[in-house]
Amino acid sequence: MSAHAQAPAPLTARRSEKLSGRIRVPGDKSISHRAMILGLLTVGETRVEGLLEGEDVLRTADAARALGAMVERTGPGSWRVRGVGIGGLVEPRDVLDFGNAGTGSRLMMGVVAGHPVTATFDGDASLRKRPMRRILDPLVRMGAEIVSEAEGGRCPLTIRGARETIPITYETPVPSAQIKSAVLLAGLNAPGTTTVIEREASRDHTERMLRHFGAEVAVEPAGEHGRRVTLVGQPELRPAVVVVPADPSSAAFPLVAALIAPDSDLVLEGVMINPLRSGLLTTLVEMGADITFLDRREEGGEEVADLRIRAGALRGVDVPAARAPSMIDEYPVLAVAAAFASGDTRMRGLHELRVKESDRLAAVAAGLAAAGVDSTIEADDLIVHGTGGRVRGGGTAATHLDHRIAMAFLVMGLATEKPMKVDDGTMIATSFPTFVPLMRGLGADIA
Ligand SMILES: O=C(O)C1=C[C@@H](OP(=O)(O)O)[C@@H](O)[C@H](O)C1
Ligand SMILES: C=C(OP(=O)(O)O)C(=O)O
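Because the structure is a prediction, the values reported are computed rather than measured. (Residues numbered from 1 in each chain as written. Chains lettered and ligands numbered in written order. Predicted model: local features only at pLDDT ≥ 70, side-chain atom pairs only at ≥ 80, totals over all residues.)

Draft legend 1. Quick peek at the overall build of the chain. Helices and strands together make up the secondary structure of the chain, namely twelve helices and 24 strands. Relative to its length of 447 residues, the chain is compact, with a C-alpha radius of gyration of 21 Å against a globular reference of 22 Å. Dimensions of the chain, computed from the C-alpha atoms along their principal axes, are close to 60 × 45 × 45 Å. For the chain, with 447 residues in total, the buried portion stands at 56%. (Helix = DSSP H or I, 4+ residues; strand = E, 2+ residues; numbered from the N terminus. Rg over C-alpha atoms; globule rule 2.2 N^0.38 Å. Buried ≥ 20, exposed ≤ 12 C-beta atoms within 10 Å, placed from the backbone.)

Below, the structure is given as structure tokens:
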């Protein structure tokens, strides 16, 4: 069982000017998890190119192995998965340890729930705090049993999968691609159709990839911002090649760094610009950021572009709650950009930030305070009082096992007057293991 008592590794970022170069950030984390999972559920050989080799995804690969798949790395970012097919899972002998990964654990809960196997899910101290009832509730309706549960539906927990999976129609209580995906993945082994209705559309990588593997998935609009996704159960999935585009949530860090570090000019290659992931870009452009979209094209079934970013003045904006699902992981680094802007930036509807790897609302406010920046939390809104460009820094941000908090405050330190420290950079390896060397290559002083 994991407690991940790894020694914390503090990092310090110092003022750095003229970040420049051309880089490609690693593959998208959401797509990488899903490639492993659909590989497991397909008979034959699935090939993945550009897989994110971060800790979170490697845990999902381990779990796929434990459930019967042959998973092999054939080169940098190149992986081969020989799956067992829908209905073919084997019962894992050990606890499935997902480390820090919400996505991997929750999606795999859906897979297990739809199969007649029993598995125990666990992870690190951060994952053990995250709410799982939101995933378990619909899975129980689909016939799964939760046979052992920590208080409040958290990990460690054991799921006995359905003997006969029941297709359901489910409206998600919060916009969450993880809930939607868990239900759809369980529905793969149900006779008939499984439907998920979401009031606000969340990232659609599961739907897209299911189709890519040959499943029948219909997506219709529902209400003003919502969607209704219907999957025909028990499809014959066919092995596929998955090409993973660069992760926009990782790209967000060098992108904001280039906006705030004076005289920067850099290009981020092949960044996925799926509209359900691009809320940060929309917001930064509204703030006056100098971002040019070059060579828009398709890669691996997703629209991508090379982004050219040049440093410049930013102004505060009002970010509507309806945009939150399309930039949910980007608020910590948006708050950093907002600290350098002139005027206030109000980010609305951030309740989901409280249940990520850390309470990100609290962690962001505390990190900003450590840098000498004022912010206010009003119900679910975060208001960052922009400084117009001069941020003192000189403090330490507490990261609470949260990779995005660590990277956001290191980015901040590249433009503060005094260095910014983060208490622990180890979790950066969960989603962006090459963050520090890539940033150094652009001229960032992080050590
Ligand atoms: O489905 C996914 O791949 C993800 C969904 C989001 O979580 P929620 O579904 O909880 O919003 C996001 O925060 C996470 O990093 C990845
Ligand atoms: C919330 C995140 O991931 P997960 O839910 O997979 O832990 C994230 O990467 O910011």
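And the narrative resumes.
Draft legend 2. Here's a closer look at the site of ligand 1. Around ligand 1, a shell composed of Ser 30, Thr 103, Ser 176, Ala 177, Gln 178, Ser 181, Arg 203, Ile 328, Asp 329 and Glu 352 is seen. No other element matches the three residues that helix H5 (residues 177-187) contributes to the shell around ligand 1. In terms of residue class, the shell around ligand 1 is built from two nonpolar, five polar and three charged. (Near = placed C-beta within 6 Å. Nonpolar A, V, L, I, M, F, W, Y, C, P; charged D, E, K, R; others polar.)

Draft legend 3. Region of interest: the UniProt feature "active site" (unreviewed entry) in the chain. UniProt's feature table lists "active site" (unreviewed entry) at Asp 329, given in the numbering used throughout. Mapped onto the fold, Asp 329 is located in the loop between strand E18 (318-319) and helix H9 (331-340). Using a count of 22 C-beta atoms within 10 Å as the deciding quantity, one classes Asp 329 as buried. Every residue in contact with Asp 329, bar those within four places of it in the chain, is listed here: Ser 249 and Arg 404. (UniProt positions renumbered as here; feature names shortened; annotations may be inferred. Contact = placed C-beta atoms within 7 Å.)

Draft legend 4. The domain arrangement of the chain, seen in detail. One can read the domain layout of the chain as domain 1 (11-27 + 246-446) and domain 2 (29-231). Relative to domain 2, the C-alpha centre of domain 1 lies at a distance of 28 Å. Every contact between the two is made by 21 residues of domain 1 and, on the other side, 28 residues of domain 2. (Domains from an automatic or database assignment.)

Draft legend 5. How the structure looks around helix H4 (residues 133-141). Within the sequence span of H4, burial applies to Ile 135, Leu 136, Pro 138 and Leu 139. Close packing links the buried residues of H4 with helix H3 (102-113), strand E8 (145-150), strand E10 (169-171) and H5. A positive backbone phi angle near 110° is found at Gly 143, which sits one or two residues after H4.

Draft legend 6. Main features of unusual backbone geometry. Geometrically, the link from Cys 155 to Pro 156 is a cis peptide bond, its omega value of 0° lying close to zero. Within the secondary structure layout, Pro 156 lies in strand E9 (residues 154-160). Backbone geometry places Gln 234, a non-glycine residue, at a positive phi of 50°. Note that Gln 234 resides in the loop between strand E13 (226-232) and strand E14 (241-243). Here the phi dihedral of Ala 379 falls at roughly 50°; this positive angle occurs in a residue that is not glycine. Among the structural elements, Ala 379 can be located in the loop between strand E20 (375-378) and strand E21 (381-385). Note on Ala 379: 8 C-beta atoms within 10 Å, which makes it exposed.

Draft legend 7. Quick look at the sheet that holds E18. In space, the four strands of this open sheet follow the order E18-E19-E21-E20, with mixed pairing throughout. The strands lining the two open edges of the sheet, one partner per strand, are E18 and E20. Direction of pairing for strand E19 (residues 344-347) relative to E21: antiparallel, over a ladder of four bridges. Each residue of the ladder has a partner; that of Thr 345, found in E21, is Val 384. In the packing of H9 onto the sheet, contacts are made with E19 and E21, and the angle to E21 comes to roughly 30°. (Pairing = 2+ DSSP bridges. Axes fitted to C-alpha atoms, helices over the stretch in contact; angles between N-to-C directions.)

Draft legend 8. Representation of the site of ligand 2 within the structure. Taken together, Asp 56, Ala 101, Gly 102, Thr 103, Asp 329, Lys 356, Glu 357, Arg 404 and Ser 431 are the residues near ligand 2. Residues belonging to the shell around ligand 2 are distributed by class as follows: one nonpolar, three polar and five charged. Among the domains, domain 1 (11-27 + 246-446) and domain 2 (29-231) are the pair contributing at least three residues each to the shell around ligand 2.

Draft legend 9. How the structure looks around the nonpolar core. Core analysis: the largest hydrophobic core is formed by 83 residues, its most contacted members being Val 256, Ala 257, Leu 259, Ala 337, Ala 339 and Val 411. If you look at the next biggest cluster of nonpolar residues, it comprises 65 residues, including Leu 52, Met 108, Val 183 and Leu 237. (Core = buried A, V, L, I, M, F, W, Y, C linked by C-beta atoms within 7 Å.)

Draft legend 10. Region of interest: the sheet that holds strand E12 (residues 217-222). Pairing is mixed across the open sheet formed by four strands, whose spatial order is E10-E11-E13-E12. Whereas interior strands pair on both sides, the edge strands pair on one side only; in this sheet they are E10 and E12. Between one strand and the next, the sheet's axes are offset by a mean angle of 15°, whatever the strand orientation. As paired strands, E10 and strand E11 (residues 193-198) are joined by three bridges and run parallel to one another. When the sheet's bridge partners are listed, Glu 171 is paired in E11 with Ile 197.

Draft legend 11. Fine view of the UniProt feature "domain: Enolpyruvate transferase" (unreviewed entry) in the chain. Sequence positions flagged by UniProt for "domain: Enolpyruvate transferase" (unreviewed entry) are, in local numbering, residues 15-437. Secondary structure content for residues 15-437 is 28% helix and 27% strand, and the end C-alpha separation is 17 Å.

Draft legend 12. How the structure looks around the pairing of strand E4 (residues 70-75). Across five bridges, the pairing between E4 and strand E5 (residues 78-83) is antiparallel. In the sheet register, Glu 72 faces E5, and the bridge partner there is Arg 80.

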